[in-house]
Structures are given as C-alpha cells and as structure tokens.
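Summary of structural features
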Amino acid sequence: MSSFDRSLTGEVSGDLGQEWAVSPQAGDEERVVESALRPHSLHDFIGQPKVARQLALVLEGAKRRGRPPDHVLLSGPPGLGKTSLALIIGSELGTAVKITSGPAIERSGDLAAMLSNLAPGDVLFIDEIHRIARPAEELLYMAMEDFRVDVVVGKGPGATAIPLDINPFTLVGATTRAGLLTGPLRDRFGFVGQMEFYEPAELQQVLARSADLLGVELTDEGSAEIAGRSRGTPRIANRLLRRVRDYAEVEADGRVTREVAEAALALYDVDHLGLDRLDRAVLEALVGKFGGGPVGVATLAVAVGEEPHTVEEVCEPFLVRAGLLARTPRGRVATEAAWHHLGRQVPRGGIPLGRVSVDPPGAGASAEPLFDA
Ligand SMILES: Nc1ncnc2c1ncn2[C@@H]1O[C@H](COP(=O)(O)OP(=O)(O)OP(=O)(O)O)[C@@H](O)[C@H]1O
Ligand SMILES: [Mg+2]
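Attention in this report is confined to the structure presented alongside it. Note that this is a predicted model, so its numbers are computed, not measured.

The next thing to look at is helix H3 (residues 49-65). The terminal C-alpha atoms of H3, which comprises 17 residues, lie 24 Å apart, in line with the 24 Å expected from a rise of 1.5 Å per residue. When we look at burial in H3, the residues that qualify are Val-51, Leu-55 and Leu-59. Taken around the axis of H3, the buried residues stretch over an arc of 55°, which confines them to a single face. Of the residues in H3, the exposed ones pointing more than 90 degrees away from the buried face are Pro-49, Lys-50, Arg-53, Leu-57, Gly-61, Arg-64 and Arg-65. As for H3, its buried residues are in contact with helix H4 (82-93) and strand E7 (191-194). Taken from the residues just after H3, Gly-66 is the one with a positive phi, measuring 70°.

Around ligand 1 sit 20 residues in total, of which Glu-34, Gly-81, Lys-82, Thr-83 and Ser-84 are the nearest. Elements that contribute at least two residues to the shell around ligand 1 include exactly helix H2 (29-37), H4 and helix H10 (234-251). Taken together, the residues that form the shell around ligand 1 break down as 9 nonpolar, 7 polar and 4 charged. Each of domain 1 (38-194) and domain 2 (200-267) gives at least three residues to the shell around ligand 1.

What follows concerns the environment of Ile-129. Tracing the sequence through the fold places Ile-129 in the loop between strand E3 (123-127) and helix H6 (134-146). Filtering out sequence-adjacent residues up to four positions away, Ile-129 remains in contact with Gly-102, Gly-173, Ala-174 and Thr-175.

We now examine the sheet that holds strand E1 (residues 72-75). One open sheet accounts for 5 strands, arranged E2-E3-E6-E1-E7; its pairing is parallel. Each edge of the open sheet is held by one strand with a lone partner, namely strand E2 (97-101) and E7. Mean inter-strand twist for the sheet, computed between neighbouring axes without regard to direction, equals 15°. Of the pairings in the sheet, the one linking E2 to E3 comprises 5 bridges and is parallel in character. By the bridge assignment, Val-97 is partnered in E3 with Val-123.

On to the environment of Pro-135, then. With respect to the element layout, Pro-135 can be found in helix H6. A count of 15 C-beta atoms within 10 Å places Pro-135 in the partly exposed class. Considered as a pair, Pro-135 and Gly-109 are 26 residues apart in the sequence and their alpha carbons are 9.4 Å apart.

Taking 1.5 Å of rise per residue, the 14 residues of helix H14 (residues 308-321) would be expected to cover 20 Å, and the 19 Å separating its terminal C-alpha atoms lies within 8% of that figure. When the local axis directions of H14 are compared, the greatest deviation, roughly 45°, occurs at Cys-315, which is followed within four positions by the proline Pro-317. What H14 keeps buried is the set Thr-310, Val-311, Val-314, Cys-315, Glu-316, Phe-318 and Leu-319. Tucked into the core, H14 has its buried residues touching helix H12 (277-289), helix H13 (297-304) and strand E8 (325-328). Where H14 terminates, the next one or two residues include Gly-323, which has phi positive at roughly 75°.

All right, on to unusual backbone geometry then. A cis geometry characterises the amide bond from Gly-293 onward to Pro-294, with omega recorded as 5°. Mapped onto the fold, Pro-294 is located in the loop between H12 and H13. Although it is not a glycine, Gln-48 sits at a positive phi angle of roughly 45°. Take Gln-48: it is sitting in the loop between H2 and H3. Phi at Glu-128 is positive, roughly 45°, even though this residue is not glycine. By the secondary structure assignment, Glu-128 is in the loop between E3 and H6.

Next up on the list: the packing of helix H5 (residues 108-116) against H6. In contact at an axis separation of 8 Å, H5 and H6 are set at 30° when each is read in the N-to-C sense. Judged by the inter-axis angle, H5 sits roughly parallel to H6. When the axes of H5 and H6 are compared, the crossing they make is right-handed. Judged by residue contacts, Ser-108, Leu-111, Ala-112 and Leu-115 of H5 engage Pro-135, Ala-136, Leu-139, Leu-140 and Ala-143 from H6. Class assignment for the residues of the contact of H5 with H6 results in 8 nonpolar, 1 polar and no charged.

Thresholds applied
- Residues numbered from 1 in each chain as written.
- Chains lettered and ligands numbered in written order.
- Predicted model: local features only at pLDDT ≥ 70, side-chain atom pairs only at ≥ 80, totals over all residues.
- Helix = DSSP H or I, 4+ residues; strand = E, 2+ residues; numbered from the N terminus.
- Expected span 1.5 Å × (residues − 1).
- Buried ≥ 20, exposed ≤ 12 C-beta atoms within 10 Å, placed from the backbone.
- Arc of directions from axis to C-beta.
- Contact = placed C-beta atoms within 7 Å.
- Near = placed C-beta within 6 Å.
- Nonpolar A, V, L, I, M, F, W, Y, C, P; charged D, E, K, R; others polar.
- Domains from an automatic or database assignment.
- Pairing = 2+ DSSP bridges.
- Axes fitted to C-alpha atoms, helices over the stretch in contact; angles between N-to-C directions.
- Bend = angle between axes of the 7 residues up to and from the residue.
- Parallel < 35°, antiparallel > 145°, perpendicular 65-115°, else oblique.
- Left-handed = near helix turned anticlockwise from the far one by under 90°.

Below is the structure:
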C-alpha cells in the first residue's frame, strides 16, 4: 500500500495498464463527473489554439466536400482533452462515434466486425491506439486506406482472405505515447494533433466553464489559485475545483475565493506549484538525505517508501517539467529551483547542472563528476 494519496493529481499508480485502459462501463466515479464537464463543440473547447484551428479547417473542408475527413491522430499526455476532442469531431460532423480502445481489441476479428458495422461517415474512436495488437493493426491499414477489410475464412493452409468493402469512416486515434506507434500506422493519419499543456489563463477559462456547469461561485482570484496548481492539465483543474467546492460548502459560505482555495488546497496537500505530498517527499529526500544528488532512482524510491516505477513514472515527469529535478547519467539531481521551493539555501557554489547531460540514465553514461570533491 502506498502511504500517499495520488487521487488529487490523477496520475497513474500501480499497474499502468489497468489505469490507462478505457473501460466501456462508467464504473469509475470520475469518468462520470468528467463526462458532465466535457465540451461538446469546438466552440466550447478551450485552449489548444493550433490543434483546434487546424481541426476546424479539416472538418469544414470535409463537410463541404460531403466526404468523411482524413483520419485524425490526437497525441499528448493524459487529461488534456483527447477524448473530448474525439467526441467533438463526431458532433461537429453530425455523425455517430463508436468508441473502443487498443487494449480492448484482442482479436482482429473483433475489429473487422466493428469496422463492417460502421455507417457511412461514422467516427471510430480508438483510445490508447499504440496498444493495439499487431494483427488488428495490420487489418486497420487496409481499412484506413481503402475502406476494405480482409475476412479470413477457414483455417491453416486452406484459409482464404475475402476482401469486404466497408463504409467510408473516419478513424480518430488517441495516444499518450505517440513514439510507440509504428510508422505505417502513423503514416495513415492525414491529420496529427499534438496536444500541449495549458496556460494558466486557459485553465482559468476551463475552471470558469466548469464552475458554471457545477453551479459554483468562483472568483477570478480563486480560479487563478486553482489554475496555478493544476499542472497545465484541465482534468486536474476540474478535480481540484471539485475538492475546493466541497471545502467551500462545508467550511465557508460556498464561494470559492482565493482564501478558500488556498485553505482547501493546503488541506489536500497540493502546494502552489501543484506538487503533492509524494512529489515533495521525493525532493526533500533528494535534498535532505542525499545533498541534492546525484542519486539513483531506486535509492530515492526506498527513501520515500515507494516503488521505483512510481517515482519514475508518476512523480518525475512533472518534477522534470517543472525544472525541479534533472535526470542525469549518474542519477537524479535536485535543481536550484528545488532547493528554493523547499525553502532551503542552495549549496555554496550552486548546482553545476550546466555540466550535466539531462539524458535519461543509461543513455551514454558520462564519467564527468557532477560535484567537485
Ligand atoms: N479544452 C478543454 N476545455 C474544457 N474542458 C476540458 C478541455 N480539455 C479537457 N477538459 C476536461 O478535462 C477532462 C479530461 O479530458 P479528456 O478525458 O478529454 O482527456 P484525455 O486527453 O482523453 O485524457 P486520457 O489520456 O486520460 O484519456 C474532460 O472531462 C474535460 O472536462
Ligand atoms: Mg481519453
């Protein structure tokens, strides 16, 4: 059991596969709440100006030609709005969206059945498409290119493939790991939207919209406070808003002001950069026990009583992105910003990060000392 509650930051923990598979039933409480907050049109979709504008053109062009648009790949970290955009594509086109996910397609026959059941112009949304099994992926090539699938009849040497026409459709794939996509699959997408983290001002718009939908009174300062701690991620912003709302209703008059947001987020252990208890524990251990590093991730994990892969997959990406931690060939190093963030004095002489490669460990180990002896 982990001693830390990751529920607030929505990061994965434990078995990644379990958490990232999109379950068809809305068993998970958060998915239900999320669907109520999803934007339903491009007009409602906040931020991602580049992807949204390009996509608007792709969709408009297709509508004018009366043909389904190119296949669309949406890639980016969790919680930035890939599923929301996929559903918006369907509603903008006025077509049905059939939803599945890479791990859910176990046999290519399942995919063939799904493809041949699509009505003309339908959108097929495959979430976590990088996890699709190889035979299904190969079936997808022909479906995407020629709107045909091969149905295999018989077994062994006598088996024959009968090509079957399917209705023209648009495939929308979403992935958090675009690098794991094979070349042939990636090449078959006519449009690739790379989702970016959101600016605080955009998150404030997301929060204002969600507050409206939830019937919460949210002041500008309250929303700035929440947005600043949301790690550039609408999902986290919405989650923090719900927690702060609970606090506002129970401990205050229901209005989410800056004071209320600050008090609530302090209670939930989310600091002003959006670090939670485990993130801070990692930095504290790095700085307090190992003099700022370099230290191996396994040692660091033991120091905070967590699994190495939790530290590596759950904490580090954001700590690195926030410029608080560097991954070096010799181990993890706390940056000057980390010392400042923990309210500690930076060691004399500073942190010689300039001489450290920020490559992941193992990538060309450098013999250069990180600290002067
Ligand atoms: N641009 C946006 N405007 C308003 N709300 C948004 C936006 N993007 C995301 N959200 C909110 O964040 C929640 C999470 O978004 P979504 O499920 O689309 O993310 P995702 O990229 O598909 O994440 P995952 O990779 O985990 O599947 C949505 O329920 C929605 O309420
Ligand atoms: Mg999604």
